[in-house]
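# Summary of the model geometry
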Amino acid sequence: MTLEFHSATDRGRIRSNNEDSIAIVEAAGLMVLADGMGGYNAGEVASGMATAFIEKDLGRWLQETPPDTDDLEVRRAMDICIDNANRSIFEASHAHAQYAGMGTTLVMGVFRGGRLLVGHIGDSRAYRWRDDRLQQLTRDHSLLQEQIDAGLISPEQAAYSHQKNLVTRAMGVEDIVLLEIHSHAVHPGDWYLLCSDGLSDMLDDARIAAVLREQGSDVGKAAQALVDAANQAGGRDNIAVILVAVHAVPSSGQPWWPFRR
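Below is a summary of the structure that appears in this document. (Residues numbered from 1 in each chain as written. Predicted model: local features only at pLDDT ≥ 70, side-chain atom pairs only at ≥ 80, totals over all residues. Heavy atoms only, no water.)

Our focus in this paragraph is the packing of aromatic side chains. If you walk through the whole model with that rule in mind, you get two aromatic pairs. With a centroid separation of 6.2 Å and an interplanar angle of 90°, the aromatic rings of Phe5 and Phe111 are classed as edge-to-face. In this pair, Phe5 is assigned in strand S1 (residues 2-10) and Phe111 in strand S4 (residues 103-112), connecting sequence segments 106 residues apart. Comparing Phe5 with Phe111, the two get one shared label, buried. Arranged with centres 5.9 Å apart and planes meeting at 75°, the rings of Phe111 and Tyr192 form a pair that is edge-to-face. With a gap of 81 residues between them, Phe111 in strand S4 and Tyr192 in strand S9 (residues 191-195) connect regions that are remote in the sequence. Here Phe111 falls in the buried class, since its relative accessible area comes to 0%. Given the relative accessible area of 1%, Tyr192 is considered buried. Grouping aromatic residues by their ring pairs yields a cluster made of Phe5, Phe111 and Tyr192. (Phe/Tyr/Trp six-rings, centres within 6.5 Å; stacked < 30°, edge-to-face > 60°. Helix = DSSP H or I, 4+ residues; strand = E, 2+ residues; numbered from the N terminus. Buried < 20%, exposed > 50% of the residue type's maximum accessible area, 1.4 Å probe, protein only.)

Written as structure tokens, this is what we have:
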């Protein structure tokens, strides 16, 4: 298998700046997306710090580590990197008045062999597009999701809630944060989507699936089409997407590295 990475981001139709941040390290099979929040320009500082820290530290570790490294070791490296990045954001928010209260949600993926390790904090999401079916791989850390889980509101009611942006977990807000990690088997033909809530708040799952379906096999065009569709639906927030396609290659005994665009 080979991996084809594409990304797209836009400030949307309402915001004057873009607080979403993206990092991809193809040689490490690493992708990271963060959605910042808090204060004038502080959100983009928090998200930028998160993606830059993870890109540098975890990206280097993954490239220096054998591909057959146990998943538990990879998870531990992800946890350590997130802890260090979180503390850096937390300390910066307390050291500089203009950054007070800043934080960021995060979703990340690490491809290792035939698996994808997905980690997330907050309401930035990961999806899988397989066999013409879209499946959400992450569960939002948000007040709205807690209300749905408790049966207080239905998913249909949640679509019209005014509490969509109240997250229960974010990087940089406290000195400790928990990264939720799950492993997923990767199949040839899969597409994996990471996105900020600027996409998922504007487009429901059915509409996201329709956009992917409309683009056929053109992954780069699909990534931009998702951003364009979110803007057409109102573009009330910054929009960021990472889209990765998993391609089969002829059997030749070669490893599924390297990656390609």
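Still more to cover.
This part takes up the nonpolar core. Residues Leu30, Leu58, Leu106 and Met108 are the most contacted members of the largest nonpolar core, which totals 30 residues. Contributing elements (two or more residues each) for this core: strand S2 (20-25), strand S3 (30-37), helix H1 (42-64), helix H2 (71-95), S4 and strand S5 (115-121). Examining the composition of this core, we find that eight residues originate from one element, H2, more than from any other. For Leu106, the contacting residues outside a window of four places in its chain are Val32, Leu33, Ala34, Ala50, Ile54, Ile82, Gly119, His120, Ile121, Ser124, Met171 and Leu179. Residues Leu203, Ala225, Val227 and Ala245 belong to the second largest nonpolar core, which totals 26 residues. (Core = buried A, V, L, I, M, F, W, Y, C linked by side-chain atoms within 4.5 Å. Contact = heavy atoms within 4.5 Å.)

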